[in-house]
Structure formats: structure tokens, C-alpha cells
Amino acid sequence: MSSKPRTLYEKIFDAHVVERRDDGTCLIFIDRHLVHEVTSPQAFEALRINGRTVRHPELTLAVPDHNLPTTARTDAQGNRVPIADEESREQLAALERNTHDFGIRYFDATARQQGIVHVVGPEQGFSLPGTTIVCGDSHTACHGGLGAWAFGIGTSEVEHVLATQTLLLRPSKTMEVRVEGDLAPGVTAKDLIMHIIGVIGTAGGTGHVIEYRGKVFEKMSIESRLTVCNMSIEGGARGGLIAPDETTFAYIKGRTFAPKADEWDDAVAYWKTLYSDPDAVFDKSVTIDAREVEPSVTWGTSPEDVVAIGGTVPDPDTFADPSKQDAARASLDYMGLTPGTRMQDIAVQNIFIGSCTNSRIEDLRAAAEVLRGRRKHANIKWGIVVPGSGLVKMQAEAEGLDKVFTDAGLEWREPGCSACLGMNPDKVPAGERSASTSNRNFVGRQGPGARTHLVSPAMAAAAAVTGHLTDVRELTREPA
Amino acid sequence: MEKVSQIEGRAIPFGRKNVDTDVIIPARWLKTVSREGLGQGAFESVRAKDPDNVFDSEEFAGAPILVAGDNFGCGSSREHAAWAMLDLGIRAVIAPSFSDIFAGNAFKNGILTVALPPEQVDRLLEVAKTDPIFIDLESQSVTTPFQDRFTFEIDPFRKHYLLEGLDEVGLTLERDEAISRYEERLAAGQPWLARGTGVAA
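Residues numbered from 1 in each chain as written. Chains lettered and ligands numbered in written order. Predicted model: local features only at pLDDT ≥ 70, side-chain atom pairs only at ≥ 80, totals over all residues.

Draft legend 1. The overall build of chain A, seen in detail. On a plain count of helices and strands, chain A comes out with 16 helices and 19 strands. Judged by the C-alpha coordinates and their principal axes, chain A covers about 60 × 60 × 45 Å. Looking at chain A as a whole, 60% of its 480 residues qualify as buried. Long-range contacts, defined here as pairs at least 24 residues apart, represent 77% of the contacts in chain A between residues at least 6 apart. (Helix = DSSP H or I, 4+ residues; strand = E, 2+ residues; numbered from the N terminus. Buried ≥ 20, exposed ≤ 12 C-beta atoms within 10 Å, placed from the backbone. Contact = placed C-beta atoms within 7 Å.)

Draft legend 2. Local environment of the sheet that holds strand 8 (residues 166-169) of chain A. Residue and element names in this part refer to chain A. The sheet built from three strands is open, its strands ordered 1-2-8 with antiparallel pairing. Across the chains shown, the open sheet's two edge strands, defined by having one partner strand only, are strand 1 (17-20) and strand 8. Across the sheet, the axes of successive neighbouring strands diverge by a mean angle of 20 degrees, strand direction being ignored. Bridging between strand 1 and strand 2 (residues 26-29) involves three bridges; their strand directions are antiparallel. What sits directly across from R20, in strand 2, is C26. (Pairing = 2+ DSSP bridges. Axes fitted to C-alpha atoms, helices over the stretch in contact; angles between N-to-C directions.)

Draft legend 3. Quick peek at the nonpolar core. Among the nonpolar cores identified, the biggest contains 196 residues, and A367(A), A460(A), A463(A), I65(B), V67(B), V93(B) and I94(B) are the most heavily contacted of them. Filtering out sequence-adjacent residues up to four positions away, I65(B) remains in contact with I7(B), G9(B), A11(B), I90(B), A92(B), I94(B), I133(B) and I135(B). (Core = buried A, V, L, I, M, F, W, Y, C linked by C-beta atoms within 7 Å.)

Draft legend 4. Unusual backbone geometry, seen in detail. Residues other than glycine seldom take positive phi values, yet Q165(A) does so here, at roughly 60 degrees. For Q165(A), the position within the fold is in the loop between helix 5 (155-164) and strand 8. For Q165(A), a count of 23 C-beta atoms within 10 Å puts it in the buried group. A positive phi is found at F43(B), a non-glycine position, where the angle reads about 55 degrees. Secondary-structure assignment places F43(B) in the loop between helix 1 (21-24) and helix 2 (44-49). We classify F43(B) as buried; it has 23 C-beta atoms within 10 Å.

Draft legend 5. Spatial organisation of the packing of helix 6 (residues 189-200) of chain A against helix 8 (residues 222-230) of chain A. Residues and elements named next belong to chain A. In the contact formed by helix 6 and helix 8, the axes pass within 9 Å of each other and the chain directions differ by 20 degrees. Relative to helix 8, the element helix 6 is oriented roughly parallel. The hand of the helix 6/helix 8 crossing is right-handed. Contacts from A189, K190, L192 and I193 of helix 6 reach helix 8 at S224, T227 and V228. Its residues assigned to classes, the contact of helix 6 with helix 8 shows four nonpolar, two polar and one charged. (Parallel < 35°, antiparallel > 145°, perpendicular 65-115°, else oblique. Left-handed = near helix turned anticlockwise from the far one by under 90°. Nonpolar A, V, L, I, M, F, W, Y, C, P; charged D, E, K, R; others polar.)

Draft legend 6. Layout of the environment of Q165(A). Between the alpha carbons of Q165(A) and G204(A) there is a distance of 30 Å; along the sequence they are 39 residues apart. When residues no more than four places from it in sequence are discounted, the contact partners of Q165(A) are F29(A), I30(A), R55(A), H56(A), L59(A) and I179(B).

Draft legend 7. View of the interface of chain B and chain A. Across the contact, 50 residues belong to chain B and 66 residues belong to chain A. Looking at the side of chain B that touches chain A, the elements with two or more residues in it are helix 1, helix 4 (100-108), helix 6 (156-164), helix 7 (168-173), helix 8 (176-189) and helix 9 (191-194) of chain B. Considering every element that reaches the side of chain B that touches chain A, the biggest residue donor is helix 4 of chain B, with five residues. Across the side of chain B that touches chain A, the residue classes break down as 19 nonpolar, 17 polar and 14 charged.

Following this line, the structure appears as C-alpha cells:
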């Protein structure tokens, strides 16, 4: 073992090398694999065609999330409601069949543990610090909030992991995003990560694994850390992580697949070695001043198109890079916005609170806090709240949050990815706007022609109340 | 995987930056359980918006190369993006840079990703409007009928796999002994980690 100071990522990488090859690639052991219905059928099919088996069924966990409808899954008699869309039905049936045939643990659509893969993994204690975690989904970086090296893979890699429990990789470069100071009241983890992406750009982390460092992350709950790491890919980084600490250990303890009894102490002892050495060198470093972060909102069709809620739609002519000018003009054309418009003057018709970025209990509490005792504005035609898992849903209902949402005129749904990517029936109509707590404002992401403004849960709730993008601090400020 | 060595033909000039995988193949096309037929949904929003788009033009039908802007393939990890492009007949993409996940998915499907400096990509966008482009993986070069000759870098490991058309899963399975050694160490040292969901291995 080298005595060179190492970053957290480098420690995790080194611990998982099965074999270093002469060409510089390494065979890396994968500790945890999450599978959903969309990116796995072709991988299982390839295993069958080639007569291959799953090497470690116990290291893969499967759950349907992407195209599952979020309406009731059982009728009054307790019978399963059939899925209307034939292709979705087939894809979901394929996951059930594949996990059964290959002996993989599977939470079906009616299980209380069902939910979005990136909510389920941490919640079940399946995702652990210091592990390598993969999933055929780019938001896998999410699990980095627990101090794991987690990253999205394609279907060919899903097949490779199922068959060999390894991936052939080259070490990534390391990038430090250091945040100095504290966030102002009313500013959340979502606002911070959107601000960071606005600073580094959508390709700023390409080829790198990001480590988020600074007091602000140490003070964050695990839910908030998961939100931050979740959007690493929107900054181009396949992985993003935060060193595990006592907050992490307390979150994991007692969860279904977490280490138990005497093994717990061994696990914690190991996890305590997982931090970047004081003299470790990062290939790239960015420093952000937390005090400059305000509630954030996007104006365009790339997650880097971020502005503070008090700001205005930018003028493409003011961008230095000519290709960025063109991209911004195309974005504004799609979004139906004109430069100089105050963000707070933009009316929205749809509200989406959910997604792997913001559907955990803390997110729902933050939205409910704003909505309590209020009604959605007449402009809002459609507003849904989609909990990240059945367990989040139960917890929210135990706290009466579902009632707050429905009293406000929003719909309370079953768990899934929902309107984040509009694969299931939950879509934003063409030409209409949404204030959405999801992670991507790409053209057509929430439905063909849909115009997405990314925001935090509290900001989405504020927009529901006023019918336009709103600084949530104006609704939550104590009367003078 | 089929061997990849030389790719020659017309190149679709699509210079846009930050082309995300939702643009390459929208989510509604991901409900398939097969790799086939995704070309129908490829670049759907681009085609719907402009009837004179490059993807539906007779001139570029079946063109094996796509020339694009910076950060091509950002966003989702969907390998459907690579499958959809293959279905259109695209065997190589030239751009100033690529997202990591897309580049990996393209490689696994025998699509060559060629990263060149922006000014060279701009030149190729011009050439592509009227003339074919030639890519040679062995010499790592891109040439045109006008004496342009640009060389590109590629991971030697990926180059080898593409030239030989190797089956990565099959080759890794041959490393069974090394993987087994790692697994034994894991089971002995960190049984709490090796246990996973506890289903019988």
C-alpha cells in the first residue's frame, strides 16, 4: 500500500481493485448493484443468449420505478390494477420474470419498500459507505451522499456486472468542490447544488469524481447530502461523494440490509478511515461561497442555466462564447421567454414534487411547511406530490403531510420516477410550464414541448401557492 | 461485437452543443425490451421542429458519421441512445468532447467517438455539408477529400477492443481466478458487506 496521501475516492478505488492491467485499466469489484425495469431487460436477455448466470444475486437489488404509473396500484378489493400501457406492462413483467429467474431480491409495485432505486438503496441500508455502487441510471451518484463511490452505467455494463460482479475501469480524475461558510436561512441543498452546476457548467466535472467538502456538508442531513450528490451528473461528473461521518452512521444503523450486532462496530471502524487525507491533492478544485447562494431556479434547457430567484432571464447577447449565445437563444425560444423578464413574473401551470433528487421525507416536510393552511393558485392546473418510496409515503401520512398536500389542492400519489422524465402517464402538457423538483430541464424531458423550471421542494410549494415562480422566503418570513 | 477499423462516408453535420440523451432518444422510446428499431425515435424533437432537418434529408440517409458540438451525449445513462444511433446507421461520432457515460455506451456498441479540437470539428462540419469523411482507427486519423488530416487520441484499451471486436464480458469471465481471490478476501474480511440482500448466492 502506498503512503502517498489519497483522496476519499482514491481510497475506495484502491480497495476495490481485483486486478491492475498493463494497459492501465483496472478490474473493479462492484459491491452493490441496483436494477430497474428500463435499462435491464436487454442485459438479462444477453445473459440468456450467452448461457451466462448472475455471479452474485445477493449483491443486486431490483425495484420498478421509471415507467410505473403513480395512480392507485390496488383497487378497493385489494386486487392489482392492470397497467394500461402495453409496452410499460411488458417491461415491468420482464423485470419481475428476470429477477425471479436469476434469483435477485425484488420489491414489487405493491410492496411498501418499493420506490425510486436511489431512494430505496439508502433507505434499505443496501447502499453503504466506502462501497462501489452502480445502476443503469445516471443519478446513481446520489448514493455518494453516504460516502460511496456510486455511478451510472449503461446496459452493456449492467450485463457485465451481473455476469462478473466487476467493471473494467480506468481511475477517474478527482475534483474538489469546497463550499465555504453557511447557507442563509431558506436556502436548501437543492439550491446549493443548482448553484454549483451553474458555476462549473454541465461539463465541468466530465472525467472526474467530485468530492463535496466543507462545513456546510458536515451539517447537512443525509437526505440533503443525497440531493447534492444526486445532481453530480448534471455537472458532468459520473460520481460525487461526501465523506461519511456520525450523521451517516446514525442514518444507516438498524436498516434492513445494514451490518448488525457485533459486525456493526467493525463496519463503523472501517468507515471511519474513509476521508481524504489532509495532504491529498485533487486534479481540480472549485471554491464556492455559501453566502452567495440564494433560492435557485433554471431559465433554460440545460441544468447549468441557473439564476437566483431574484434575478432575470439573461440576454444571450451578453454571453462571451458565441456557441453559448446560440444555445441560449434556442433555449429561450423553446422556453417561450424573453431576456430581462423577472424570474418571479413567470407564471407556471404545473407543479411536480418528487424524483430521486427531492422525494425523501425531508423534502416533503419542506414543501408541506410552505403549503400548510394554503391553497394552490387558480393558475395551477395540475400539481402532484410523488413520494420516493412506499416507506416515505407511510411516514408522510403518519405526519399528516398527505392531508396538507390534498387540502392545498395537490394530488398525493404512489412512489416512482413520474413526471421527472414522463415515461409513465405523468407528463406536463406541451407549451405549459412546470415548477419541478426534479433534476433535468432538457427539451421534452417532462413531455414533448413541456417547459421545466427546476427548483427546490419549498420553492415548488411556493409556486403552487402564488401561481408563478416565487422566492419562498417571502411566504415563510415571520411577520415583523 | 463487430470489428471496427475504417469508417467512410457522408457525415451528418449536427453542430449543436450539449446534445443530451433525451434529444438523442426521448424517454417514451425506452419502454422497449429490445435493442432494435430505436432509429424511429432518434432525434425526434429535432425532426418534429424542422422539416428540413439533417436526419430526414435524403442526402444524409444512412450516413455512417455524425459531427456534433461539445459535450455530446450528456444526461441520462440510457444505452438506447447508442442503439438508436446504430439503428440510423451511425458508426462514429466526431465532437470536441463527449459525456463519459455516453462514450462508454458507444464503445460497447462499436460506435467510435472521435474527440477533436473545436476548430477541426468546425472544419469537418463544413466539409460534411458536401463531401464524405474518412476515419481510420489504426492510424487514429480523420481525413477529407481536401487534404485535411486530423489525428485523434483514443484509449489504447478501447482501440484494441474495437479493432479486434472483443467480447468484454467473455474476457472478464476468464479472470475468474482473480475475482474469486478478491471475493474470498471480502467474505473473510468484511462479511457484512459480502452478505448483500442475503439471498442465497
